[in-house]
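Structural characterization, general
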Amino acid sequence: MRKRHHAYSSRFVAACLALVMLLTVAAPISAEGTAEQTGQEEVQTEEVEAQAVASEQPIVFKDVENSYAKEAINRLASLSLISGVGEDQFYPQNPISRQDVAVLLSKVIGMQPKSTDEALYEDVPLDSPYAPYVYTLTELEVLKGRPDNQLGGADPLTRQELAVILTRLMKAGSIKPAPASSTVTYEDAEEIADYAKDAIVTVTNQRWMTGASSSFRPLGIVTRAEAAVIAERVLDARYQQAENAKFALNTDRLNVMAGSSERLVVKSQDGEKLPFTPVFAFDRPELGAIMPDGTFVAGPTVGTGNVTVTLGFHTVTIPVQITQAAVSAPDEPQEKEEQQKSEAATEVTGTRESEEEQATEEAAPAEEAGLVNIAPESFTSVKTVGPADNYFSEVEKQYPGPVGGLSAVSEEWTGFNRQYGRKATVALPEGKAVERVTLTFQQRKTSGITLPPSMEVEVSQDGKSWSYAGKALHDVPASEEKMVTRTLAVTLPELEARYVRVTFPVKVFVFARQLEVWAKDAAAGSADGVVLLPPLNLTQPIDNEQTRRPVENMLLAYTGMHDDLGTWTQEDFLPMVGYLTQDGYMRDQMFDTVLLLPYQTMPATRNSWNSYLNDLFRMGRQLDALNSAMREYNRLRGTLYSTPTKENVVLAIPYPNANQKDFGVLPGETKSLSFNPAGIGEQMAFENRKKAVEWYFDELQKRWNKAGYSYLHLDGIYWFHELIEDSAPKERELIRSTASMVHDEALRFYWIPYFGAPGVEEWKSLYFDRAFLQPNYYSDKPVTIERIEGVLDAVQKYGMDIEIEGDHKMYNDPKFYQLYYNQLTATHKAGMDKNNVHAYYYGSKTLLNAVRSKDEAIRAIYDDTYKWMRGRYDRVEFMDDNVMP
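**Focus on the overall build of the protein**
When you go through the protein residue by residue, the secondary structure sums to 20 helices and 27 strands. By the burial criterion, 54% of the 885 residues in the protein qualify as buried. As displayed, the protein offers around 39,700 Å² of accessible surface, 48% of which is attributable to carbon and sulfur atoms.

Following this line, the structure appears as structure tokens:
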């Protein structure tokens, strides 16, 4: 049985409860101000806007074009981890100073700088911009000064000195040394000082520093180019740590009595020091608050919520249950006094006579806690995560929110429409010890407004270089039709920051209000040794068009049956998502989208559909294998920890066949659904089909959201039937209702009818976003050039896209080999290999045979398909009917 932490003093609990109340209501801010204040705000606004514009502009150094460190320099510069000299010069061959190294290493390792009251080095005064970084690393014993109370901050440093600093940094960052693969020997080993020998062995094994021409050059001066390359390697090691940062909690749920507290303890699974500082969040701050150390303090009201713990890239959510406090008769006067205090605190949350009385009652607790919501008096800007869209921007102008913006103390909602998401940046008047960031959202599903699945927080000292702090999650399903309000609150480890950024996704509509940043003066104290995730590339958000191709080339992957043919592994997907040359080089992306769909023989029953879902989401196969393949693709391309590419995914909705009379019993139903109008009528059959589709789509989304694939993006949903079935009850109405359901989740709706299928010409009126015409070439009958051209005419007539077809017959039958190339040639001559979206059917995993074949003619199918995708296919003559090259 877990122990509750009643050992906290009553003053502490009272202060925490006051904090809970403080978080629920913010004191109004006067709209009046002096002309001087207004002028200062305008200057600050211009400064912050200029800062934001500058930080989002790509940095181009004119003097690094021929440098071996070009990619490292540009990447670190894009993250504002390193800067040039002047506007466009980097001076890669110049020495880097010791204090510049301190700043660079602090940022890439994620150490949060903090101010200090004592200048330990005479050459690094407290007002120096280097001081927070230098003294943070000094406290961690990464940097050490000289006997004369000097750091030598402006001096260059040698390679062996840097090696020593790096080994200390590994210890401070809990980075495990790589095992020695072989004995480290350098021809100039005699030049290495004794104090640096072990360090050089360590950084060599770590591949952070390596020699050239069998020499380490220990006395060589570290250049700016060398420092950039080494810092990038440290950064990548940090990202890898964040990805593997597994942790354990002392409980899988919190049960807390009203008015009491319990601490959530985070430990590493291997017993070592945590590589990052845990960040906690709670989705019901009106019920309680979680402190920076993980202590959850319950308010006087019972209820449920969710605490989210973030460490590196890993997030865990545990439920919280606040129960009624036990009431016992007090025996002692002191206990009676405490009970009266508790009852008084409970009454504070009850009915109040006026808002003025409420503000008065909360003034004292706010002062005691020392926390103030400084967002309303700070400059706040809101921008789209992805590219701005004029149409959607005009739509959201109908919901502008209060005059003071998103951070205003107001009950008015601000509406946001699509465009991937929003990032709201709050520029504080000065550096503060920030403890909590909250934002309130609303869900009204009937109006198309849904809660964002998460809210993420980043912090910065300068508005350029950011650190990822953590996220808040909730358990409100997107399907919930009742109106719901949730305030997501992320608790920070009392770190110093001047800029706070909140990011949340927007599928269709998100309504938000009252962005709050609760902080106190930095001088009041901030936590020591705060380590957060190094900044991601903010100019290229992971989940927008800049880090994933738009849908251009969609591979059909059949799963769920036929043993190996329907089972995809990482090794199967890798040459499909990336173009793999014969010598094993990952040159480019191949298919940017994968459509996973069941075989046509899958029965229309609940059990079959559920089994297909189980197979689709099983570990190591199907979607999980595709996610692993994309991770490996990014690793081979060198983008895994910088700008990882995401693969688009389209998932199928099985077809509710109207012949089915026994689909199965859905949750909330009492009998098995029938899709057949015989005996139940067309309307009931339609409603049953609709229920089955909605159930499946809801299950699909739940499993997708739970899986949390890092390298996949759910782009759309595929309607599985290849024609419009006029005999099915209300077929067109069912398709349109499914399309609306899909579009409500900001997903695209796809269809691939066969050539000559009923309803092909109606695809736009059925609300499909894309329809590909299936040519049906691979039958047993010969296909002429006229037949191919007829398909292309239909594609152009109906404004459709084209499906490229091939199967196993093209490997052993000359006429089908020629057919495959002739369709590539025909579409190339018609210009359909450019400016079109394409789907590709290969039976199952047929194209893999070409990838692995030693036969040049067979291997050419894979290579020429890639050329055709990229517009570099140059064949203009059709192949002879009887000759296989």
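**Considering helix α5 (residues 131–139)**
Structural remark: α-helix, 3.6 residues per turn; residues separated by three or four positions point the same way. Judged by how many residues are buried, α5 sits mostly within the fold: 7 of 9 residues are covered. Those residues of α5 lying buried are Ala131, Tyr133, Val134, Tyr135, Thr136, Leu137 and Thr138. On its buried side, α5 packs onto α4 (98–109) and α6 (159–172). Where α5 ends, the next residue or the one after it, Glu141, has phi of about 65°, a positive value.

**Quick notes on the confidence of the model for the protein**
Averaged over every residue, the pLDDT of the protein is 84; residues scoring 70 or more account for 85%. The low-confidence segment residues 538–548 (pLDDT under 50) makes 36 contacts with residues lying over four places distant or belonging to another chain.

**A look at the pattern of salt bridges**
Oppositely charged side chains can form a pair if their charged atoms are brought close together. All told, the structure shown has 38 salt bridges when counted by the stated rule. Measuring nitrogen to oxygen at the nearest pair gives 2.6 Å for the salt bridge that ties Asp521 to Lys432. Of the two residues, Asp521 is situated in strand β17 (residues 509–521) and Lys432 in strand β13 (residues 421–443); the sequence distance between them amounts to 89 residues. Take Lys432: its relative accessible area is 12%, and that puts it in the buried class. A salt bridge links Lys809 to Asp807; the shortest N-O distance between them is 2.8 Å. When its relative accessible area of 18% is taken as the criterion, Lys809 is described as buried. Taken together, the shared-partner salt bridges connect Asp564, Asp572, Lys845 and Arg852 into one network.

**Some words on the packing of helix α17 (residues 785–798) against helix α18 (residues 814–829)**
Running from N to C, α17 and α18 cross one another at 45°; their axes reach a closest spacing of 10 Å. Here α17 lies oblique to α18, going by the angle between them. Viewed along their axes, α17 and α18 form a crossing whose handedness is right-handed. Seen from α17, the contacting residues are Ile785, Ile788 and Leu792; seen from α18, they are Leu819, Asn822, Gln823, Ala826 and Thr827. Taken together, the residues of the contact of α17 with α18 break down into 5 nonpolar, 3 polar and no charged.

**Focus: the packing of aromatic side chains**
Enumeration according to the criterion identifies 33 aromatic pairs in this entry. Relative to Phe313, the ring of Tyr239 has its centre 6.3 Å away and its plane inclined at 15°; by these criteria the two rings are stacked. Of this pair, Tyr239 sits in helix α8 (residues 224–243) while Phe313 sits in the loop between β8 (303–311) and β9 (314–323), and the two are 74 residues apart along the sequence. Ring geometry for Trp609 against Tyr696: centres 5.7 Å apart, planes inclined by 80°, an arrangement best described as edge-to-face. Linking Trp609 in helix α13 (residues 606–616) with Tyr696 in helix α15 (residues 682–707), this pair joins segments that are 87 residues apart in sequence. For Trp609, a relative accessible area of 0% corresponds to the buried category. Aromatic rings pair up to connect Trp609, Phe663, Phe675, Trp695 and Tyr696 into one cluster. Its guanidinium or amino end placed over the ring of Tyr767, Arg736 lies 5.9 Å from that ring's centre, counting from NZ or CZ.

**Details of the sheet that holds strand β18 (residues 553–559)**
Either a parallel or an antiparallel arrangement is found when strands of a sheet pair, and the pairing is made through backbone hydrogen bonds. With parallel pairing, 8 strands are arranged side by side around a closed barrel as β18-β21-β22-β23-β24-β25-β26-β27. Along the sheet, successive strands turn relative to each other by an average axial angle of 30°, direction set aside. In the sheet, strand β26 (residues 801–805) pairs with strand β27 (residues 838–841) via 4 bridges, with the strands oriented parallel. By the bridge assignment for β27, Ile804 is matched with Tyr840.

Parameters at a glance
- Residues numbered from 1 in each chain as written.
- Predicted model: local features only at pLDDT ≥ 70, side-chain atom pairs only at ≥ 80, totals over all residues.
- Heavy atoms only, no water.
- Helix = DSSP H or I, 4+ residues; strand = E, 2+ residues; numbered from the N terminus.
- Buried < 20%, exposed > 50% of the residue type's maximum accessible area, 1.4 Å probe, protein only.
- Areas by Shrake-Rupley, 256 points an atom, 1.4 Å probe, with all protein chains shown as cover.
- Contact = heavy atoms within 4.5 Å.
- pLDDT = per-residue confidence, 0-100.
- Salt bridge = Lys/Arg side-chain N within 4 Å of Asp/Glu carboxyl O.
- Axes fitted to C-alpha atoms, helices over the stretch in contact; angles between N-to-C directions.
- Parallel < 35°, antiparallel > 145°, perpendicular 65-115°, else oblique.
- Left-handed = near helix turned anticlockwise from the far one by under 90°.
- Nonpolar A, V, L, I, M, F, W, Y, C, P; charged D, E, K, R; others polar.
- Phe/Tyr/Trp six-rings, centres within 6.5 Å; stacked < 30°, edge-to-face > 60°.
- Lys NZ or Arg CZ within 6 Å of the ring centre and 35° of its normal.
- Pairing = 2+ DSSP bridges.

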